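Chain and residue survey
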Amino acid sequence: MATARESARRSTKQGAEPHVGIPNDQLLKMYRDMVLTRRVTDRMIALQRQGRVAFFISGQGQEATQVGVTHAIKRGTDWVFPYYRDQGVCIALGMTARELMLDLFGKAEGPCSHGRQMPSHFGHAALRMVSGSSPVATQTLHAVGCALAAKLRGLPEVCITSLGEGSTGQGDFHEAMNFAGVHKLPVIFIVENNGYAISQPQSKEMAVKDVADRAAGYGFRGSVVDGNDIMAVYQTTRWAVEEARRGHGPSLVECKTYRIVPHSSSDDDRRYRTRKEVEEWVKRDPIDRFQKYLLGAGILSEETDEQMRAGIEEEVTDAVRYAEQAADPDPAEALKHVYAHQPTGFP
Amino acid sequence: MATARESARRSTKQGAEPHVGIPNDQLLKMYRDMVLTRRVTDRMIALQRQGRVAFFISGQGQEATQVGVTHAIKRGTDWVFPYYRDQGVCIALGMTARELMLDLFGKAEGPCSHGRQMPSHFGHAALRMVSGSSPVATQTLHAVGCALAAKLRGLPEVCITSLGEGSTGQGDFHEAMNFAGVHKLPVIFIVENNGYAISQPQSKEMAVKDVADRAAGYGFRGSVVDGNDIMAVYQTTRWAVEEARRGHGPSLVECKTYRIVPHSSSDDDRRYRTRKEVEEWVKRDPIDRFQKYLLGAGILSEETDEQMRAGIEEEVTDAVRYAEQAADPDPAEALKHVYAHQPTGFP
Amino acid sequence: MPVRSVLEAIRDALREEMADDERVFILGEDVEEGGVFRATDGLLEKFGAERVMDTPLAESSIIGVAIGASLNGLLPVAEIQFADFILPAVNQLISEAAKLRYRSAGDFTCPMTVRSPYGGGIRGGLYHSQCVEALFAHVPGLKIVCPSTPYDYKGLLKAAIRDPDPVLFFEHKKTYHLLRGEVPDRDFTVPIGKAEVRRRGDDLTVFSYGLAAHYTMEAAERLSGEGIQATVVDLRTIQPLDRATIIDEAKATGKILIVHEDNLTGGVGAEIAATIAQAAFEYLDAPIMRLAGPDVPAVPYAQALEDWYMLNTDKIADAMRRLAAY
Amino acid sequence: MPVRSVLEAIRDALREEMADDERVFILGEDVEEGGVFRATDGLLEKFGAERVMDTPLAESSIIGVAIGASLNGLLPVAEIQFADFILPAVNQLISEAAKLRYRSAGDFTCPMTVRSPYGGGIRGGLYHSQCVEALFAHVPGLKIVCPSTPYDYKGLLKAAIRDPDPVLFFEHKKTYHLLRGEVPDRDFTVPIGKAEVRRRGDDLTVFSYGLAAHYTMEAAERLSGEGIQATVVDLRTIQPLDRATIIDEAKATGKILIVHEDNLTGGVGAEIAATIAQAAFEYLDAPIMRLAGPDVPAVPYAQALEDWYMLNTDKIADAMRRLAAY
Ligand SMILES: Cc1ncc(C[n+]2csc(CCOP(=O)(O)OP(=O)(O)O)c2C)c(N)n1
Ligand SMILES: Cc1ncc(C[n+]2csc(CCOP(=O)(O)OP(=O)(O)O)c2C)c(N)n1
Ligand SMILES: [Mg+2]
Ligand SMILES: [Mg+2]
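Everything quoted here is computed from the prediction, not taken from an experiment.

1. Some remarks on the relation of the copies chain C and chain D
- Superposition of chain C onto chain D requires a rotation of 180° combined with a translation of 0.0 Å along the rotation axis, giving an RMSD of 0.0 Å. Taken together, these values place the two copies in the relation of a two-fold axis.
- Most of the interface of chain C is mirrored in chain D, where 100% of its interface residues again form contacts.

Okay, here's the thing in structure tokens:
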């Protein structure tokens, strides 16, 4: 069994040719997913500031992690248990800008909750992305249970679940890791380590530098990867997915990244971190970085890039227009779906 | 920081002169505490079989761990958050055979719960042993909180808490370890690893051999020690206590041991383990082992041993007589102590 | 018809459901070995380790994993060793299991059953005696079943396993061996959400469930000899309540007693009383009475204290007499 | 007298108690920075990092650590960021905090306060809107406070911090800035366990608490203009209930409405109704009515759905009119 340290090394040793084994069209799709994610969330910020939506939360800065991870799985076969920042996961999985905007506006047609949950409580039955709640880390156990069922039923399915580094403090995360280890389940824990849990720096959440160190205590692999390097994220997750599919059990992949925006539209991050720190990270923006790489490697041309971005703008604009005009949920339906069959209520 | 492996080595490297630094009278007291613990629990078994008490649970086989740990702390200053097998902790801490028997019989005078809890839910205000519940691992968080208060108040107090290896699967254990690590608290987690959680062998509880491996994931020391070697347990815990008192933070000490009896009076361990396995461990009985050592080292004579044991028999017999005749709790008091001041109930 | 204890009825239901539907599997602590009450005895041998599975000692994971497995085509039957130990799993039950269907407007569901022994009278003290049903009876999205007869145990457990929603199936541990009765060998279910009128009388109506329902029947038989005729309603399902039956049977006699072992304040009896006080007010001939456990944190251990806490036939008969005389 | 918002009253109480008693300290998520609702704003600067302490993101540890700290001479005030997130800590609250005194017959106690924002109406959706008081109202050993006026927030929070038992102090988050009122600058407490009659009228009695109590007062004023005079009782403490006041005020008018935001079934209103149906039965002139949230798992997000769920002055006034006309 590889220790956290070993596999961390393994995953960063890809150095020489980081995109080896990733076809060009996939690289371009990854890039497009990242840009689309960013532009969708940019627009969400604007909509909230304009008072057109009540609330908004995003993972800006974490797109390489989210898109990289998701490209490593088999969409439609594998299961996804994301967390509230995972717009990049949603888009890479196949959710459309329209669907994300429907969710933001709380519309009946929104695939995540049909207007019942706050935005960013992702879920999409057709895409095997399971509806999540707000209390953090609970979804990690659902991923484990889903992986258990896959194993018991002999299905070649892998489950991935993501959460923030602060959320690893929850008891449920420990129980999920432990259960997955004991039963050697095909599940991958993605820790999107952005250094903060709302206002609290990582040092107030744990006494170690790497969450990945904990995997050894559950008998499986833990890797640390530069979460702003989409190819590294992809390669590491890919390897973990293959291991899981081969019956070699779970992995933890810790992606070191940063959210370059406040926690949510209700947060003012100037209270707890310097502008300088944020700017440093903005300089390391994962999208710019990947763009440069693709241009340098001749995989992307300036022209294609511009065309792609223009298409994305249209897509986002269309999405907002569509979602804003879509129907609100009907209160007459609000008593439904408590149970499969509505009980006769109070007379 | 010492890793689990390093400190495990450290603690077993005492080899040459295992009792170095432990005064003879303390060695003899340790021995007496072990024998008294065993004889008290022997009698409890008998009383339950005779139908004189309803229920009984013990840590027979784990006495070296329990007594060794407790001798390493400052009694009356340090705080103890034990678990249900810890008769040896109770006795080494200063609880009398009478008090344990009062608890067993559920008598009003019993110091643990005054007849309100099942036996073995230890607690003793004067001895700084805090009343425990049945749901496992909850007490580890109380120990952490108590250690936090000691640190905040600048008191030189250390908190120890014990639990079984199966119980480390609970979320609360993770949260306790994590909190203790972040705040570098004077708390020591004693894992009494007896290989089973009721019927489940360790392999069904975790995918690792040593729970101590997990400590590194929380940023502090983890040690593995032969829990049937009282001097090794003592030395390792002693070291951990000193580190804690010096402000060097928490430790985890994993004591590998075995319960040579069924889980409780309600359990039939023939269903899940062979007699051969149990007999192997009975041969490694920690009390016999320590007795031999003390005799060999000339610290204990056959004669002193016999006298000591005779005294213990009397003590236990007296305890049973006293406890059985003691007053039962009065139902007229049963509504008390829900709150400090009893609310006016239903009219 | 064969006579079965409660425990045997439970075991029969599990075995039959597992044989009939390969999606059904059991997970929990010590279940492979048969469980501390032996409810799963023999199932490992019959169905193998893939369908009877020991879990780590962590209740939140038992429930969370069951939810996840139910999402992927299985029908988990999770055992929580004692109902007292369901508390570490409350977040998974209330935030997740109860709300998954609602929060996705039906796109995701978690058909699962959680079995757990509850209740006192076996010298279990504070933490092996608790009734926990009222904690969940406030939570829409969960179903809660507390049967009292071996017949209902079997029929309701089968119904729970087949139910498309999460069901908490609470088993009064004192009744495991105490209560015996006729139970068909064949397949049958008892509908969740339906109360059962166990006996009818004109003088008063008593609502109860679980062990208390058994004592209530004994008390009613005793009072019958004294000329007091009681209707006894066994609620069986605690959530969703069978309000129609409750209201009808309350109206029929106008004198209402609600009996449960769980402590009084905020117990299931409060909702029954409130329902009747609103919907059957004009039919009431007496104050709505509740007889329940005292408002202490749980059943204390010493025999004298346990006796003080627990219901029995005498206590119930006394309350019925008092109400009948009103 | 100075005028304060609910949030300011809470902050004042915290600051004064911390200044007066050095055993008082605050722990929770993001509390150093002031907390997501800014209730602890300025306290770190004033009292230092030893007395205002960020914790890891793990509610069970927040409560468990608070219990442990209270055992060793401190008076913890734990913040749970949203009441919805108290659920992972239910085991520590119900198995530990609520039972420590009882299980040791008074040898050990845990004086601690748990503050948490609850309630809907701020577009918080299913998991940032829940009322959780009823889950704990069944648990002897815990005290539960749900104030409605800035004055009571300050006085009751001070009483909670000084109370020898664990107190859950729930703050309706929509009232933080919405409600303002006179609050003395000086030290005072409001007793836990006492309801307050906010206004008196002969036609009906309405029981309520929290934001609903505020709306109920508005509705009562409105109805007063229509000639309907209501007594309004603000319960303030949910556990232990002030049964004496409840029964007296129920008897006084004989027409009872209970109003709460939390969903109906098994809510706090059930216990109030049951209490009255037993102890004030002969004084009743009408069915006991409850007006409460619909029985769905929680408040949905979309504005139309949230409006559908939430109480307001109109809905309460309608219910009062209907009852008065009975
Ligand atoms: C159980 C629970 N407690 C508290 C919260 C409130 N909360 C939402 S996000 C968050 C911080 C999460 O930090 P982290 O896990 O690092 O993820 P990030 O937001 O940084 O991506 C907190 C405290 C919650 N959602 N759930
Ligand atoms: C939360 C909880 N779940 C289940 C139980 C029932 N139970 C009591 S002891 C035990 C096994 C504990 O095993 P371990 O931690 O290894 O300690 P040991 O008994 O072996 O000393 C179980 C499952 C419990 N007490 N608490
Ligand atoms: Mg983070
Ligand atoms: Mg063990």
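After that view, the rundown keeps rolling.
2. Some thoughts on the pattern of salt bridges
Residue and element names in this part refer to chain A.
- In this structure the tally under the stated criterion is 120 salt bridges over all chains.
- As a salt-bridge pair, Glu63 and Arg38 come within 2.6 Å of each other at their nearest N and O atoms. Note that Glu63 is positioned in helix α3 (residues 63–71) and Arg38 in helix α2 (residues 24–49), a separation of 25 residues in sequence. Comparing Glu63 with Arg38, the two get one shared label, buried.

3. Here we look at the site of ligand 1
- With respect to spatial proximity, 21 residues lie near ligand 1, and among them Tyr83, Tyr84, Ser167 and Tyr196 of chain A together with Glu59 of chain D are the closest.
- Ligand 1 sits at the junction of chains A and D, each of which supplies nearby residues.
- A distance of 2.6 Å separates an oxygen atom of ligand 1 from a polar atom in the side chain of Tyr83 of chain A.
- Between ligand 1 and the protein, one listed contact pairs a nitrogen atom with a backbone N or O atom of Ser134 of chain A at 3.1 Å.
- Computed on the free molecule, ligand 1 has an accessible area of 580 Å², of which 97% lies beneath the protein chains in the complex.

4. Here's the deal with the coordination of the magnesium ion (ligand 3)
Residues and elements named next belong to chain A.
- For the magnesium ion (ligand 3), every protein donor is listed as Glu165 (OE), Glu165 (OE), Asn194 (OD1) and Tyr196 (O), and the spread of their distances is 2.1 to 2.6 Å.
- Note that the magnesium ion (ligand 3) binds 6 donor atoms; their angles at the metal cover 52 to 178°, and the shape is irregular.
- Counting the intervening residues between successive donors of the magnesium ion (ligand 3) yields the motif E-x28-N-x1-Y. Residue Glu165 is found in the loop between β2 (159–164) and α7 (171–183), and its partner Tyr196 is found in strand β4 (residues 196–197); the two are separated by 31 residues along the sequence. In this structure, Glu165 and Tyr196 share a single accessibility class: buried.

Basis of the calculations
Residues numbered from 1 in each chain as written. Chains lettered and ligands numbered in written order. Predicted model: local features only at pLDDT ≥ 70, side-chain atom pairs only at ≥ 80, totals over all residues. Heavy atoms only, no water. Least-squares fit on C-alpha atoms with pLDDT ≥ 70 in both. Contact = heavy atoms within 4.5 Å. Salt bridge = Lys/Arg side-chain N within 4 Å of Asp/Glu carboxyl O. Helix = DSSP H or I, 4+ residues; strand = E, 2+ residues; numbered from the N terminus. Buried < 20%, exposed > 50% of the residue type's maximum accessible area, 1.4 Å probe, protein only. Near = heavy atom within 4 Å. Polar contact = N/O pair within 3.5 Å; in protein donor to acceptor, adjacent residues only side chain to side chain. Areas by Shrake-Rupley, 256 points an atom, 1.4 Å probe, with all protein chains shown as cover. Donors = N, O, S within 2.8 Å, 3.2 Å for Na, K, Ca; no water. Tetrahedral: all angles 85-135°; square planar, octahedral: opposite > 155°, others 65-115°.

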